[in-house]
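So the chains spell out like this:
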Amino acid sequence: MRSFYISFVSEFYKSRKTLAFWAAIVLPLIICGLIALGYYSNSARVLKYNYPGMMLWFQYSSAALGVMGMLILPFYVMFMAFSVNNIEHKNDTWKTLFSQPLNKFSIYTAKYVYAVALLFICIFLFALLTYSTGYLLQMLVPKFTFNDYNPATILSKLYGKLFLASLGILSVQFILSLIWSDFLKPMGIGFIGTIMGMITASVGWKYAYLIPYSDPTLALRSSTSPKNATPESFTIFTQEVWVSIAYGVVLFVVGYFILTKRNIK
Amino acid sequence: MNTSFAIETVELNHRFGSQTVVKDLSLQVPKGSIYGFLGPNGAGKTTTIKILLNLLQSSSDTVFIFGKELNSNRTACLKQMGSLVEQPAIYAHLTGKENLINRCILLGIDKRKATEMLTLVGLSNAANKKAGKYSLGMKQRLGIALALIADPELLLLDEPTNGLDPNGIIEIRNLMIELAGKHGKTILVSSHLLAEIERIATHVGIINKGELLFQGKINELHDLSKPVIKIEVDDSAAALNILGTTGAEIIDMDEGLVKIAYTGKAEMGKYNSLLVNNGVTVYAIHTEKKDLEHLFLDITSKN
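Residues numbered from 1 in each chain as written. Chains lettered and ligands numbered in written order. Predicted model: local features only at pLDDT ≥ 70, side-chain atom pairs only at ≥ 80, totals over all residues. Heavy atoms only, no water.

Student: Can you break down the overall build of chain B residue by residue, with the values?
Tutor: The helix and strand inventory of chain B stands at 11 helices and 16 strands. Expected size for 303 residues packed as a compact globule is a radius of gyration near 19 Å; at 24 Å, chain B overshoots this value by more than 25%. Evaluated residue by residue, chain B yields a buried proportion of 51% over its 303 residues. In chain B, once contacts between residues fewer than 6 apart in sequence are set aside, the share between residues at least 24 apart is 66%. (Helix = DSSP H or I, 4+ residues; strand = E, 2+ residues; numbered from the N terminus. Rg over C-alpha atoms; globule rule 2.2 N^0.38 Å. Buried < 20%, exposed > 50% of the residue type's maximum accessible area, 1.4 Å probe, protein only. Contact = heavy atoms within 4.5 Å.)

Student: Give a description of a nonpolar patch on the surface that names residues and reports values.
Tutor: Residues and elements named next belong to chain A. On the surface, a nonpolar cluster with roughly 680 Å² of combined accessible area is contributed by Phe191, Ile195, Ile199, Val203, Trp205, Tyr207 and Leu210. The residue Ile199 is located in helix H8 (residues 184-203) in this model. Owing to a relative accessible area of 49%, Ile199 belongs among the partly exposed residues under this scheme. (Patch = residues over 30% accessible without salt bridge, like charges linked within 9 Å, V, L, I, M, F, W, Y side chains within 5 Å. Areas by Shrake-Rupley, 256 points an atom, 1.4 Å probe, with all protein chains shown as cover. Salt bridge = Lys/Arg side-chain N within 4 Å of Asp/Glu carboxyl O.)

Student: Would you mind going over the sheet that holds strand S15 (residues 257-261) of chain B in detail, with residue names and values included?
Tutor: All names here are of chain B. Spatially, 4 strands are ordered S14-S15-S13-S16 in an open sheet, and the strand pairing comes out antiparallel. Lying at the two open borders of the sheet, with one neighbouring strand each, are strand S14 (250-254) and strand S16 (282-288). Put simply, the sheet's adjacent strands are angled 15° from each other on average, direction ignored. In this structure, strand S13 (residues 228-233) lies alongside S15, joined through 5 bridges in antiparallel fashion. Pairing of Ile229 across the sheet is with Ile260, part of S15. (Pairing = 2+ DSSP bridges. Axes fitted to C-alpha atoms, helices over the stretch in contact; angles between N-to-C directions.)

Student: Tell me about unusual backbone geometry, residues and numbers included.
Tutor: In this structure, Asn50 of chain A is a non-glycine residue whose phi angle is positive, near 55°. Its location among the elements puts Asn50 of chain A in the loop between helix H3 (43-48) and helix H4 (53-91). Even without being glycine, Glu86 of chain B reaches a positive phi, approximately 50°. Residue placement: Glu86 of chain B occurs in the loop between strand S8 (81-84) and helix H3 (96-107).

Student: Could you give an account of the pairing of S14 of chain B, with specific residues and numbers?
Tutor: All names here are of chain B. Sheet analysis places S14 next to S15, joined by 4 bridges and oriented antiparallel. Paired with Met253 across the two strands is Val258, which belongs to S15. Between S14 and the antiparallel strand that follows it, S15, lie 2 residues; Gly256 among them carries a positive phi value of about 75°.

Student: Requested: an account of the sheet that holds strand S12 (residues 211-217) of chain B, with residues and values cited.
Tutor: All names here are of chain B. Taken in spatial order, the 6 strands of this open sheet run S8-S9-S10-S5-S11-S12, and their pairing is mixed. The strands lining the two open edges of the sheet, one partner per strand, are S8 and S12. Taking the axes of each pair of neighbouring strands and ignoring which way they run, one obtains an average angle of 15° across the sheet. Lying on the sheet, helix H5 (residues 136-148) is in contact with S8 and strand S9 (154-158); it crosses S8 at an angle near 170°. Strands strand S5 (34-38), S9 and strand S10 (186-191) of the sheet are contacted by helix H6 (residues 166-181), whose axis makes an angle of about 150° with S10.

Student: An account of the pattern of salt bridges is needed here, citing residue identities and associated values.
Tutor: Residue and element names in this part refer to chain A. All told, the structure shown has 17 salt bridges over all chains when counted by the stated rule. For Lys111, the salt bridge goes to Glu11, with nearest N and O atoms at 3.0 Å. With a gap of 100 residues between them, Lys111 in helix H6 (residues 104-140) and Glu11 in helix H1 (residues 2-15) connect regions that are remote in the sequence. Comparing Lys111 with Glu11 shows no difference in burial state: the two are buried. Put simply, Glu88 and Lys111 hold a salt bridge, and the shortest N to O gap is 3.1 Å. You can see Glu88 sitting in helix H4 and its partner Lys111 sitting in helix H6, a full 23 residues away along the chain. In this pair, the class of Glu88 matches that of Lys111, namely buried.

Student: Lay out the confidence of the model for chain A in plain terms, naming residues and giving numbers.
Tutor: On average, residues of chain A score 89 in pLDDT, and 99% of them reach the 70 mark or higher. Of all secondary-structure elements in chain A, the lowest mean pLDDT belongs to helix H9 (residues 215-221) of chain A, at 85, while H6 of chain A reaches the highest, 94. (pLDDT = per-residue confidence, 0-100.)

Student: I'd like a description of the packing of aromatic side chains, backed by residues and values.
Tutor: Residues and elements named next belong to chain A. Within the structure shown, the criterion is met by 30 aromatic pairs over all chains. Between Tyr49 and Tyr51, the ring centres sit 5.4 Å apart and the planes meet at 15°, which makes this aromatic pair stacked. Where Tyr112 meets Phe174, the ring centres are 5.2 Å apart and the plane angle is 85°; that geometry is what we call edge-to-face. With Tyr112 in helix H6 and Phe174 in helix H7 (residues 152-179), the pair connects residues that are 62 residues apart, well separated along the chain. Residues Tyr112 and Phe174 agree in their burial class; the two are buried. Among the aromatic side chains, those forming a connected cluster through ring pairs are Tyr39, Trp57, Tyr60, Tyr131, Tyr135, Phe144 and Phe146. Stacked on the ring of Tyr13, the Lys or Arg Arg16 has its end atom at 4.2 Å from the ring centre. The ring of Phe234 has Lys157 sitting right over it, with the charged end atom 4.8 Å from the ring centre. (Phe/Tyr/Trp six-rings, centres within 6.5 Å; stacked < 30°, edge-to-face > 60°. Lys NZ or Arg CZ within 6 Å of the ring centre and 35° of its normal.)

Student: Just give me the short version of the side chain of Ser191 of chain B, but keep the residues and values in it.
Tutor: Residues and elements named next belong to chain B. Tracing the backbone through its elements, the reader meets Ser191 in strand S10. A polar atom in the side chain of Ser191 sits 2.9 Å from the backbone nitrogen of Leu193. What Ser191 contacts, discounting residues up to four positions off in sequence, is Phe37, Leu38, Gly39, Lys45, Glu159, Glu196 and Ile197. (Polar contact = N/O pair within 3.5 Å; in protein donor to acceptor, adjacent residues only side chain to side chain.)

So this is what it looks like as structure tokens:
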């Protein structure tokens with residue numbers, strides 16, 4: 001456990017000056033900031049629709065969720081998984097990392113958990129910023145109806161679901177970047193995967209949920225509540241979320257075996 | 001296993017695909033020694049060091065560190081080792097000091113040790129400069145600081161003076177002598193230059209094409225290069241007979257050439273007159289001493 005903890009702290013220490021770390025923070029800031037700015041500067045037009053509180057929150061949050069689930073999230077995950085491993089490939093530091101008196105499993109787990117933590121931070125900030133900028137807009141433009149509905153539950157459920165649905169992509173990309181030191185292979189495969197995911201999810205292919213890249217989109221789509229129920233009452237653990245978690249668990253184990261069997265050049 | 005050895009390998013083998021890079025290697029590095037691990041480029045030195053660090057797989061019961069089997073005591077063994085393998089592995093986006101602090105985090109040691117190490121290797125002035133911007137020599141120093149930071153009992157240094165200027169080489173050499181002499185550390189230092197090792201090593205292992213060709217104390221290596229008398233004669237068989245009666249140690253003979261051990265000038269003169277008086281024509285007689293460099297080349301070119 002101590003091995004894991006110090007490896008994790010070291011992962012943070014090493015990457016705190018890298019783009020992968022800052023992107024987890026800056027990305028939600030920019031996207032939520034831009035959407036809020038858009039709502040602020042176009043407040044007159046938004047107000048014309050006379051949305052009730054819940055509807056306004058729905059419109060407002062889906063702006064971020066839409067781009068996030070479809071495009072930005074897969075690309076951020078690819079880039080981040082690449083970056084966490086590339087820090088060792090680029091500096092040729094796998095050999096020093098694995099010649100420390102720490103067990104290999106802890107080093108590997110710390111790296112994987114660190115990648116998951118970065119994804120969590122990014123998604124958490126998206127939820128937090130959507131929530132707080134909504135209320136900020138309300139303060140700036142008192143005619144908005146953000147105050148009429150509290151989106152805390154639905155936002156945390158939606159983003160929580162999105163997080164779980166992205167674990168599959170993260171695990172695939174993590175392994176690809178663990179094996180290959182170059183940028184193009186994991187990015188190329190990830191890019192093709194994302195496009196495949198987008199297409200299969202949008203044409204509604206029966207088995208699309210088996211492709212990890214389509215899981216975030218499918219997860220958002222399956223977040224509708226049955227009639228007569230409150231909008232928050234949708235299920236988190238739908239088929240595609242389970243598939244994504246399963247990919248996460250299986251590939252995490254596979255990655256460890258790849259690493260232990262591999263000679264470190 | 002013999003616990004007087006810091007490192008012991010027993011018929012260690014390693015292959016990359018179909019190519020055998022380490023063959024039946026039985027290293028014995030005594031505790032407290034500076035063991036010069038010599039061999040030309042591509043001889044298998046780095047591979048061996050990587051095996052000793054468990055970076056490359058080895059079969060069980062072939063590698064022992066302070067008497068402990070490596071595969072089953074990986075963490076315990078690594079705790080006693082500090083290493084510098086090939087070019088130093090340094091995070092280029094972190095400063096020199098941050099690289100050392102990161103290592104302190106991984107080893108669970110006091111971060112103040114980082115500053116101490118920077119002073120030791122003479123990098124205090126460049127502590128806050130990005131390591132990626134360091135010169136090769138500075139990187140090498142940082143690599144050595146990283147290897148030393150945990151105060152390990154055993155140091156594995158793979159060509160540590162690579163890229164250093166003459167001053168740097170002398171500093172590192174003195175540092176190694178101090179570490180082994182005053183602090184009782186064991187150092188395995190690889191090099192392809194015998195001259196560099198000769199001055200500091202107490203023990204030497206010479207490897208070529210994955211095979212250990214010589215292993216022993218440095219004086220034993222010197223003994224191999226004892227001077228010989230080369231005598232060119234018209235009849236080497238007759239010369240051999242005559243010299244045999246004097247009790248001279250015959251080292252080698254060939255058509256028209258006899259080599260005997262050199263024992264002194266007077267004896268050399270005696271052999272000469274004895275041969276001439278007994279009717280053997282002596283064309284030339286002279287001493288020959290191989291310097292270690294030639295000896296090294298001789299040893300490594302044999303296999």
